[in-house]
Amino acid sequence: MPTFGYTGIGSSVTTLSADYQRGGLFTIPEGGWVTKISARLDGNGGGTGTQKIRAAIYNNGNTYPTSLKGVSAEVTISAGQAASWVEFVFSPVVYLPPGNYWLHLHSGANNNVGRYYRNTTGGTLVSGISDIYSDGTRTSIPSGATISAHQMSIYATYTPAW
């Protein structure tokens, strides 16, 4: 199945702060139904216990994420969990016409259990903003989100519409 996003394993890691979203801007070259997002994660952030995470897809609006397209099922990362590509499944699947979309991770309240992989330089923008996990994923991201140029190891798998 085709993918869009960054499928490489970044050379740097960053902890998944509590109640926070971060993501990258990527292009789907053809219309299709997203079935899952995969992100390179581990449980070596220094925290104890577990941390809940879900993935989200947002429309792009002039270099900022705007309206929410879909939210995945929740995944739990445990302290000490080995690095792997963690899958976030969408049910129902999310249809995307060709274009630019934000692939996001939304991390839960237990601070610094999980870490995500990234490159410190790269061509994609990353947005970040506080977002209380327990009240659900934001339906839109305000223009005050932090934008920086690094590349998250995150990608979506989709079934082409043709």
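Each chain carries its own residue numbering, running from 1 in the written order of its sequence. Residues qualify for local features only when their pLDDT is at least 70, as the model is predicted, and side-chain atom pairs are given and counted only at 80 or more; totals for whole chains, interfaces and linings, by contrast, use all residues. In computing side-chain values, all of the structure's heavy atoms are included and hydrogens and water are not.

**Re the side chain of serine 153**
Phase 1: In this text, helices come from DSSP runs of H or I with a minimum length of four residues, and strands from runs of E with a minimum of two, each type numbered from the N-terminal end. Along the polypeptide, serine 153 turns up in the loop between strand E13 (151–152) and strand E14 (154–160).
Phase 2: In this analysis, two residues are considered to be in contact whenever any of their non-hydrogen atoms come within 4.5 Å of each other. In contact with serine 153, not counting residues within four places along its chain, are Tyr6, Gly8, Ile9, Gly10, Ser38, Ala39, Arg40, Trp85, Tyr117 and Arg118.

**Focus: the pairing of strand E10 (residues 115–119)**
A regular strand carries its side chains on alternate faces of the sheet.
Phase 1: Each residue is assigned to one of three classes by its accessible area relative to the maximum for its type, calculated with a 1.4 Å probe on protein chains only: buried under 20%, partly exposed between the two thresholds, exposed over 50%. The element E10 is largely enclosed, with a buried count of five among its five residues.
Phase 2: Bridge count between strand E4 (residues 32–42) and E10: two bridges; the pairing is antiparallel. By the bridge assignment for E10, aspartate 42 is matched with arginine 115.
Phase 3: Where E10 lies against E13, two bridges are found, and the strand directions are antiparallel. Directly across from arginine 118, in E13, lies its bridge partner methionine 152. Should DSSP find at least two bridges between two strands, the strands are regarded as paired.

**Overview of the nonpolar core**
Phase 1: Grouped together as the largest cluster of nonpolar side chains are 29 residues, with contacts concentrated most on Phe4, Val34, Leu41, Ile57, Phe88 and Leu105.
Phase 2: Every element with two or more residues in this core is listed here: strand E3 (20–28), E4, strand E5 (50–61), strand E7 (75–78), strand E8 (84–96), strand E9 (99–107) and E14.
Phase 3: For this core, the element with the most residues is E8, which contributes five residues.
Phase 4: Non-local contacts of isoleucine 57, meaning those with residues more than four positions away in its chain, are made with Val34, Ile37, Ser67, Leu68, Lys69, Gly70, Phe90, Val94, Leu96, Tyr101, Trp102 and Leu103.
Phase 5: The term nonpolar core refers to a set of buried residues drawn from Ala, Val, Leu, Ile, Met, Phe, Trp, Tyr and Cys, joined through side-chain atoms within 4.5 Å. Among the nonpolar cores identified, the runner-up in size contains seven residues, and Leu25, Ala56, Tyr58 and Ile141 belong to it.

Interpretation note: all reported values are geometric properties and have no functional meaning in isolation.
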